[in-house]
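Descriptive analysis of the structure
Below, each chain spelled out in residue letters.
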Amino acid sequence: MKSSRRLGLVMIAPAAIMIVLFFLLPVVLTAVFSMTNMSTATGISGGVYQIAPNSLITLKSAMPDIAAELAEPRYAIDEAGLKSVEGLGLAPGIAAELRAKHNGEVFPTRRDAERMIKDLAERPSTRDVKQISEQFNRSVVNTRFDSKGELFSALDTLGLKLTPEQKETVAGATYTGWTWTTDNFSRIATSPDMARVLFNTALYVALVLMLFNVGYALLLAIWTHYMPPTPASIFRGIWLLPRITPVVIYVMLWKWLAWDTGFISVLMGKFGYPPKNYLLDTAYHAWFFVVLINGFIGASMGMLVFSSAMKAIPKSQFYASEVDGASRWQQIRYIILPQMRWPILFVTCYQTLSLLASFNETLLSTNGGPGNSTEIWALAAYHTALRNYAGNLEYGLGAAMALVLVVIGVTLSLLYLRVFNYGTLVAKPLIED
């Protein structure tokens, strides 16, 4: 018995590893990334502290005085500057006097530093004063610091004394790496654009699912069920073409049909209508083609599942109904549909998850246009995290959008199980009690 269990564990181990690597781990990593502000600006590794122009803009709203001081250079008399002065070839007493009397001093402006230099015993010329002062020009703007300690040590050296609260504000504004945050979900909940994308997604899933993936697929399965075997097989094979055709070629065929140089424009031109891009000229036309493009792919899978389920229905039930004078519609209503709850539940659940996650066809056909009217959630997450026109890819926000999609999918799946009364579908047959 123990050896059987071990053998069972060994046999199931590869499947368990695949589930962890390709299902659980991506979901966990998505959840982790969704709690960060990762983007191309922050990178995916640890960042540095840098007082850049954008951080100064951020600081101006919180601490305008400190921001102004950080933006301006200061003049610090230090050993590095003194050695540079010695290399200028000026009177040797200048560097010696600066080292003896002013080493460590910080002057807030160039004027203050040059006034001090003019008062030296050597009395350097105006030209020399300019040269000397330039050797002590110190600024933290655009300087990279690996840690907070290095940043605030440099600020202390320049005479910028900050309180602990001010230091935290400066550190937060100047850090170029990613941080942990829940702001992504706040943006999703409050953004009008996100609400529009969510509505588009609900419309897209509902239309494609009800009209094609379940509705038309069930109709195709019933039609082929009553057809002779050979024509039925040929008909099913034809309907498989949208699914087995490479998606790029499949979408290009639709574009050839709808573009301003395509078949529809050529046909309508015979009746005096000017050519136009029927795929992208209006939002209604774009939605029409998006639903058709995705619907024809989904209908083929549902047709196969429903056809297989109908073949499993005992033929004796159909023979008996015909003896009793039942019509085709009555056979569909009282024999086929009651026994299709399991297949309909599976197709509905599977195709809902598929529609929520897929965006290839929409990306290649409309790319969310015109004017983001066909932008669906998965496509918006892709644009946010991996490809957009602004150039700043927001990995954290994109991961948060993907996580919301996972939550929606799980919620809808549980809802379907309740609507189809899953408990009765898996209950033990009464004959076994």
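This one's a predicted model, so the numbers in the text were calculated from it and none came from an experiment. For every chain, the first residue of its written sequence is number 1, and the numbers climb from 1 along that sequence. Totals for whole chains, interfaces and linings use all residues, but because this is a predicted model, local features are given only for residues with pLDDT of at least 70 and pairs of side-chain atoms are given and counted only at 80 or more. By convention in this description, side-chain values take in all heavy atoms of the structure and omit both hydrogens and water.

A short note on the side chain of Glu97
Put simply, the rule is: The numbering of helices and of strands both runs from the N terminus, where a helix is a DSSP run of H or I of at least 4 residues and a strand a run of E of at least 2. Exposure classes here rest on a 1.4 Å probe applied to the protein chains alone. A residue is buried below 20% of its type maximum, exposed above 50%, and partly exposed in between. Two residues qualify as a contact provided that any one of their heavy atoms is within 4.5 Å of a heavy atom in the partner residue.
The topology assignment puts Glu97 in helix 5 (residues 92–101). Here Glu97 falls in the buried class, since its relative accessible area comes to 12%. Not counting chain neighbours up to four residues away, the residues in contact with Glu97 comprise His102, Leu120, Ala121 and Glu122.

Description of the sheet that holds strand 3 (residues 106–107)
Test applied: Paired strands are those between which DSSP finds at least two bridges.
The strand order across the open sheet built from three strands is 3-2-4, with neighbouring strands paired in antiparallel fashion. The open sheet terminates on both sides in strands that have one partner only, identified here as strand 3 and strand 4 (137–138). One ladder, built from two bridges, connects strand 2 (residues 74–76) with strand 4; its direction is antiparallel. Paired with Tyr75 across the strands is Asn137, a residue of strand 4.

Quick look at helix 3 (residues 64–71)
As a reminder, the rule being used: Starting at the helix axis, one direction is taken to each C-beta atom, and the arc is that of these directions.
When helix 3 is considered as a whole, its buried residues turn out to be Ile66, Ala67 and Leu70. Down the axis of helix 3, the buried side of the element spans an arc of 100°, and every buried residue falls inside it. In this structure, the buried side of helix 3 is in contact with helix 2 (53–62), helix 8 (148–157) and helix 9 (164–174).

Section: the packing of aromatic side chains
Just so we agree on the cut-off: Working definition: rings of Phe, Tyr and Trp (its six-membered ring) pair if their centres are within 6.5 Å, and the pair is stacked with planes under 30 degrees apart, edge-to-face with planes over 60 apart, and tilted otherwise.
What the rule picks out here adds up to 15 aromatic pairs. Taking 5.0 Å as the distance between ring centres and 45° as the angle between the ring planes, the aromatic pair formed by Tyr49 and Tyr175 counts as tilted. Taken as a pair, Tyr49 in strand 1 (residues 49–50) and Tyr175 in the loop between helix 9 and helix 10 (183–190) lie far apart in primary sequence, 126 residues in all. Its relative accessible area of 11% is what places Tyr49 among the buried residues. Summarising the aromatic geometry, the rings of Tyr250 and Trp254 are spaced 6.4 Å apart at their centres and angled 80° between planes, so their arrangement reads as edge-to-face. In this pair, Tyr250 and Trp254 both sit in helix 14 (residues 247–258), four residues apart, roughly one turn of the helix. Classification of Tyr250 as buried rests on a relative accessible area of 6%. The exposure class assigned to Trp254 is buried, which follows from its relative accessible area of 12%.

Section: unusual backbone geometry
Going from Gly369 to Pro370, the amide bond is cis rather than trans, its omega being -5°. With respect to the helices, strands and loops of the structure, Pro370 is situated in the loop between helix 20 (360–365) and helix 21 (377–385). Located in the positive-phi region is Arg123, a residue other than glycine, with phi close to 50°. Looking at where Arg123 falls in the secondary structure, it is placed in the loop between helix 6 (110–118) and helix 7 (126–134).

Topic: the environment of Phe306
Among the secondary structure elements, Phe306 is positioned in helix 16 (residues 283–311). Taking C-alpha positions, Phe306 is 33 Å from Ala380, a pair spaced 74 residues apart along the chain. Aside from chain neighbours lying at most four places away, what touches Phe306 is Asn213, Val214, Ala217, Leu218, Ala221, Met340, Pro343, Ile344 and Val347.

Notes on a nonpolar patch on the surface
In plain terms, the rule: Residues enter a patch when their relative accessible area is above 30% and they make no salt bridge; the linking distance is 9 Å between like charges and 5 Å between nonpolar side chains (Val, Leu, Ile, Met, Phe, Trp, Tyr). Here the Shrake-Rupley method, with its probe set to 1.4 Å, supplies the accessible areas, and only the displayed protein chains count as covering residues. Whenever Lys or Arg places a side-chain nitrogen within 4 Å of a carboxyl oxygen from Asp or Glu, that contact is recorded as a salt bridge.
A cluster of nonpolar residues, Ile17, Met18, Leu21, Phe22, Leu25, Val28, Leu29, Val32, Phe33, Met35 and Trp180, forms a patch on the protein surface that exposes about 1000 Å² of accessible area. Tracing the sequence through the fold places Phe22 in helix 1 (residues 2–34). Classification of Phe22 by relative accessible area gives exposed; the value is 60%.

Structural notes on the environment of Ala202
Along the polypeptide, Ala202 turns up in helix 11 (residues 192–225). Separated by 154 residues in the primary sequence, Ala202 and Leu356 have C-alpha atoms spaced 8.9 Å apart.

Quick word on the domain arrangement of the protein
Rules: What marks off one domain from the next here is an automatic or database domain assignment.
What the domain assignment lists for the protein is domain 1 (49–174) and domain 2 (190–425). A C-alpha centroid distance of 65 Å is found between domain 1 and domain 2.

Section: the nonpolar core
Worth spelling out the cut-off: The set of buried Ala, Val, Leu, Ile, Met, Phe, Trp, Tyr and Cys residues whose side-chain atoms join them within 4.5 Å is what this entry labels a nonpolar core.
If you look at the biggest cluster of nonpolar residues, it comprises 61 residues, and the most contacted ones within it are Tyr204, Phe306, Met310, Met340 and Met401. The set of elements that each furnish at least two residues to this core consists of helix 11, helix 14, helix 16, helix 18 (328–336), helix 19 (341–357), helix 21 and helix 22 (395–419). Ranked by the residues each element gives to this core, the list is headed by helix 11, at 13 residues. Contacts of Met340, omitting those with residues within four sequence positions, involve Leu218, Phe306, Ala309 and Met310.

Overview of the side chain of Thr366
Filter applied, for reference: In protein, a polar contact means a hydrogen-donor-capable atom and an acceptor-capable atom, both N or O and within 3.5 Å, with residues adjacent in sequence counting only if both atoms are side-chain atoms; elsewhere, any N or O pair within 3.5 Å suffices.
Position of Thr366 relative to the elements: it lies in the loop between helix 20 and helix 21. In this structure the side chain of Thr366 is engaged in a polar contact, spanning 2.9 Å, whose partner is the side chain of Thr374. Not counting chain neighbours up to four residues away, the residues in contact with Thr366 comprise Leu279, Leu280, Ala286, Val290 and Thr374.

Looking at the pattern of salt bridges
All chains considered together, the criterion is met by 13 salt bridges. Of the charged contacts in the structure, one is a salt bridge between Glu69 and Arg74, with a shortest N-O distance of 3.2 Å. When its relative accessible area of 33% is taken as the criterion, Glu69 is described as partly exposed. The class for Arg74 is buried, based on a relative accessible area of 14%. With its nearest N and O atoms 2.8 Å apart, the salt bridge here joins Arg187 to Glu394. With Arg187 in helix 10 and Glu394 in the loop between helix 21 and helix 22, this pair connects stretches of sequence that are 207 residues apart. Through salt bridges with shared partners, a single ionic network connects Arg110, Glu114, Lys130 and Glu134.

Focus on the environment of Leu414
Looking at the secondary structure, you find Leu414 in helix 22. Using a relative accessible area of 56% as the deciding quantity, one classes Leu414 as exposed. In sequence terms Leu414 and Cys349 are 65 residues apart; their C-alpha atoms lie 9.1 Å from each other.

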